[in-house]
Each structure stands twice: as structure tokens, then as C-alpha cells.
Amino acid sequence: MNYRITVPSYKRSKTINDKTLNYLLNVCSINPKQIDVFVANKNEYKDYEYLLKKNINIIIGHLGIKNQRKFILNYYNENSFIIQIDDDINYLTIKKNKKTEKFKDLDKLIQIGFNECLKNKTKIFGITPTNNHLFMSNKISTNLKFINGGFFGIITDKDKSLDININEKDDYERTIKYFIKFKKVIRLNMFSLNTTYYRGGGGMVDDRTVEEQNKSSLYLTHKYPDYIKINLKRKSKYLELRLNNNAK
């Protein structure tokens, strides 16, 4: 199975090298020629040029995560197999009894994910968003479960109804839209990722505000009331969300 691993990155030329690329190349032994790093503009390109020496392709896309993700999907032909992974991932994990361990065979995970998509006639798969064995299981689910934007696989589809309308909480909207169209989203619940949300310079964090986050949460709950609600049980400065796992 041929697939591309894509990494949208902004102002993180050192972070991507120390974290995501270190994991992909040195831990998982991914062929660097399979990796495409998408940057915002020509100035950013110059900061990432050193990656060319590692045989990693650098592509100039668009500024802003919503625009960049859309550009990435449109960059490839219809029905291409694409992985998107954040630029600040330490590593992926797998559930082992009452703990999690670093997972090194990323190619195997990707093959499983896309094969499950084909078997279930859907075009997206993801992993458990919380790196905690208590929230993980050894099951593969197809109901409406959150597909986190930090790592997910997509079979490209040019259908405009799948376009994302918001900059924040885009992974929730993506999950819902793919579920509405295909009636299933694949989640490999035995896997998760080790990273730190909402922290670190560059990337989406540069312009993230509580107001924008909460505005997106309210938009989603009004737009898709049968699929998502505000999670009143979680107390934080953000309006946290909860998907309706029983949605049809």
C-alpha cells in the first residue's frame, strides 16, 4: 500500500526535527522520501531547507491550519492514502495491559488503519486522543468517536461537503462530516500519541485564544446538535465538547 506522511508545520523548524521527524525516521525507520512537510510561505521554506538533505520533500502551502490542511488534501489525487501528523509529536503509544508503551512499527498501524477504512467503506481513521491506558482498549471502533487532528489517516475525497469551516476544533468538525457522509469513522483504540496540547511556540498555538476556541465549540453544537454537545462535566476555561457516540 502506497501512502504519504504529511506534516503541516509553522515556525517549528527545530521542533519538527527534534520530535516528529526524529520519531518517524529514527524510531519507526520510515523512508524519508515518503514524508512531505508543508510550510506556509517562501520565508518559512528557507528555515526548513535543511530537511532537503534528509531527502524530505518541502512543499509551500498556505498560512493557517484550516487552509493548510485543505491544501494538503487537494495537493494529492483523489483516493490517495494520506497520513497527517503534527510537527511536535514525541511518539505514538500502544496499550499494554495497565500501561502504555512507545510504538515503533508505524507502518503496521497505517496499514491496519487504511485496510479498516476499505473494509468499512469509509475514508478516515484515527487513534485514541488520550495517552492513558484507562481510556484505551484493544478494539477497533466504527461508531462516532473523536478523531484527533494530531494523527489521522484520510483517503482523499474532493467532495466539498467535507470541507472544514473553522480554524479551531477542526478535528471535531472533520470527524462529524466524515461520519455523516460514510456512517462510520475508524478508531484504533489501542493506540494513542505522546504530545503536549496547547503548549510550545509556533504552530497553531501562536494565534490560539480561549475566545476563538469557545466560539468554534458553540458553532459546532449549533450546527450539529445531533452529533455533539458541550461537555458540562469537564470544567476548564475552554468549552469542552462531547460527541454522541450513539449517533446514526
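Definitions and limits used
- Residues numbered from 1 in each chain as written.
- Predicted model: local features only at pLDDT ≥ 70, side-chain atom pairs only at ≥ 80, totals over all residues.
- Heavy atoms only, no water.
- Core = buried A, V, L, I, M, F, W, Y, C linked by side-chain atoms within 4.5 Å.
- Buried < 20%, exposed > 50% of the residue type's maximum accessible area, 1.4 Å probe, protein only.
- Helix = DSSP H or I, 4+ residues; strand = E, 2+ residues; numbered from the N terminus.
- Contact = heavy atoms within 4.5 Å.
- Pairing = 2+ DSSP bridges.
- Axes fitted to C-alpha atoms, helices over the stretch in contact; angles between N-to-C directions.
- Phe/Tyr/Trp six-rings, centres within 6.5 Å; stacked < 30°, edge-to-face > 60°.
- Lys NZ or Arg CZ within 6 Å of the ring centre and 35° of its normal.

## Observations regarding the nonpolar core
- Judged by nonpolar contacts, the single largest core of 38 residues is most densely connected at Ile 5, Ile 35, Leu 106 and Phe 151.
- Looking at this core, the element that brings in the most residues is helix H5 (residues 106-120), giving five residues.
- Those residues in contact with Ile 35 that sit more than four places away from it in its chain are Arg 4, Ile 5, Val 7, Leu 21, Leu 24, Leu 25, Ile 30, Ile 56 and Asn 57.
- Counting residues in hydrophobic clusters, the runner-up holds 23 residues, among them Ile 147, Ile 176, Phe 182 and Leu 220.

## Remarks on the sheet that holds strand E10 (residues 186-188)
- Spatially, the eight strands line up as an open sheet ordered E3-E2-E1-E4-E9-E7-E10-E8, and their pairing is mixed. Both outer strands of the open sheet, strand E3 (57-60) and strand E8 (140-141), are each paired with one neighbouring strand and no more.
- Note: strand E7 (residues 124-127) against E10, three bridges, orientation parallel. Pairing of Ile 127 across the sheet is with Leu 188, part of E10.
- On the sheet, H5 packs against strand E1 (4-8), strand E4 (81-85), E7, E8, strand E9 (151-155) and E10 and is oriented at approximately 45 degrees with respect to E9.

## Quick look at the packing of aromatic side chains
- Counted under the stated rule, the structure contains 11 aromatic pairs.
- Plain terms: the ring middles of Phe 38 and Tyr 75 are 5.6 Å apart, the flat faces sit at 85 degrees to each other, and that makes the pair edge-to-face. Of this pair, Phe 38 sits in strand E2 (residues 35-39) while Tyr 75 sits in helix H4 (residues 65-75), and the two are 37 residues apart along the sequence.
- Residue class for Phe 38 comes out buried when judged on its relative accessible area of 0%.
- One aromatic cluster is present, formed by Phe 38, Phe 71, Tyr 75 and Tyr 76 through successive ring pairs.
- The aromatic ring of Tyr 91 is capped on one face by Lys 102, whose charged end is 4.9 Å from the ring centroid.

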